[in-house]
Amino acid sequence: MLIEALGSVLLGLALSAAALRLFAPRLPSPRVVLVSGALGALFGAYLTQYALGPGHGTVTATLVGSVLVSAVVLSLLLRPGRQSASRPAHRPFSLPSRG
């Protein structure tokens, strides 16, 4: 259990660091990203263990589940990218205004 928790935290931190390198302008502060990735991975490990049940969980399945939940948590932190100046912002289902 301790190996799975440490492994999931390390994988969550690695995923957070990769997200910071790739999407730094679109993410909040690095501290928030690193903590969110680690806590998301811990929650993912717990959720995977609970879903698989006692005696059926493997370390690999737990680590895969923790990485997936951590990736979902980190994706919720992403902000939209900037619109280019050549493309106007087009809102779907908007009607033109008269005035």
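Here, every reference points to the structure presented above.
Residues numbered from 1 in each chain as written. Predicted model: local features only at pLDDT ≥ 70, side-chain atom pairs only at ≥ 80, totals over all residues. Heavy atoms only, no water.

Draft legend 1. Region of interest: the nonpolar core. Listed in full, the five residues of the largest apolar core are A19, L20, L27, V33 and L74. Here A19 is in contact with A24, L27 and L74, once residues within four sequence places are set aside. (Core = buried A, V, L, I, M, F, W, Y, C linked by side-chain atoms within 4.5 Å. Buried < 20%, exposed > 50% of the residue type's maximum accessible area, 1.4 Å probe, protein only. Contact = heavy atoms within 4.5 Å.)

Draft legend 2. Looking closely at the environment of V73. By the element assignment, V73 lies in helix α3 (residues 59-77). A residue is classified by how much of its surface remains accessible, and V73, at 26% relative accessible area, is partly exposed. Sequence separation between V73 and G37 is 36 residues; the distance between their C-alpha atoms is 6.8 Å. For V73, the contacting residues outside a window of four places in its chain are S36 and G40. (Helix = DSSP H or I, 4+ residues; strand = E, 2+ residues; numbered from the N terminus.)

Limitation: the analysis is restricted to geometry and does not speak to function.
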